[in-house]
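Per-entry structural report
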Amino acid sequence: MKITKDFTRKDGVRTVTVQLATGEKLMALKEDSYYRLGGQLDDVVGGYCIIDSPRVVWCSIRQDWVEA
């Protein structure tokens, strides 16, 4: 994802223009809302948990999730 324009008006409204690479998706999350993750556990988590979480990748050598 590449941010090409980021502008905040005097009234606090923010306009952001981004370019997404093939396969990338953009989500807007609210801190005070809850989201169902789906999958095997079907967990429900707060938006603040997703927003504050670090990006991770699977390390096949360590067999563990590591920060990207």
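Residues numbered from 1 in each chain as written. Predicted model: local features only at pLDDT ≥ 70, side-chain atom pairs only at ≥ 80, totals over all residues. Heavy atoms only, no water.

Looking now at the overall build of the chain. Across its full length, the chain holds 1 helix and 6 strands. Ordered by position in the sequence, the α and β elements of the chain form the string β-β-β-β-α-β-β. Here the chain has a C-alpha radius of gyration of 16 Å; the compact-globule value for 68 residues is 11 Å, and the former is much larger. Its C-alpha atoms give the chain principal-axis dimensions of roughly 45 × 25 × 20 Å. Within the chain, contacts between residues at least 6 apart in sequence are counted, and of these 1% link residues at least 24 apart. For the chain, the computed accessible surface area is about 6400 Å², with 52% contributed by carbon and sulfur atoms. For the chain, the centre of its 10 positive side-chain charges and the centre of its 10 negative side-chain charges are spaced 10 Å apart. (Helix = DSSP H or I, 4+ residues; strand = E, 2+ residues; numbered from the N terminus. Rg over C-alpha atoms; globule rule 2.2 N^0.38 Å. Contact = heavy atoms within 4.5 Å. Areas by Shrake-Rupley, 256 points an atom, 1.4 Å probe, with all protein chains shown as cover. Lys, Arg positive; Asp, Glu negative; His and termini not counted. Charge placed at Lys NZ, Arg CZ, Asp CG, Glu CD.)

Looking now at the pairing of strand β5 (residues 56–59). Across 4 bridges, β5 lies against strand β6 (residues 64–67) in antiparallel orientation. In the strand pairing of β6, Trp58 is matched with Trp65. Hairpin connection between β5 and β6: a loop of 4 residues separates the two successive antiparallel strands, and Gln63 in this loop has a positive phi of roughly 55°. (Pairing = 2+ DSSP bridges.)

This part takes up the environment of Val57. Tracing the chain through its elements places Val57 in strand β5. With 11 residues separating them along the chain, Val57 and Gly46 place their C-alpha atoms 22 Å apart. Every residue in contact with Val57, bar those within four places of it in the chain, is listed here: Asp64, Trp65, Val66 and Ala68.

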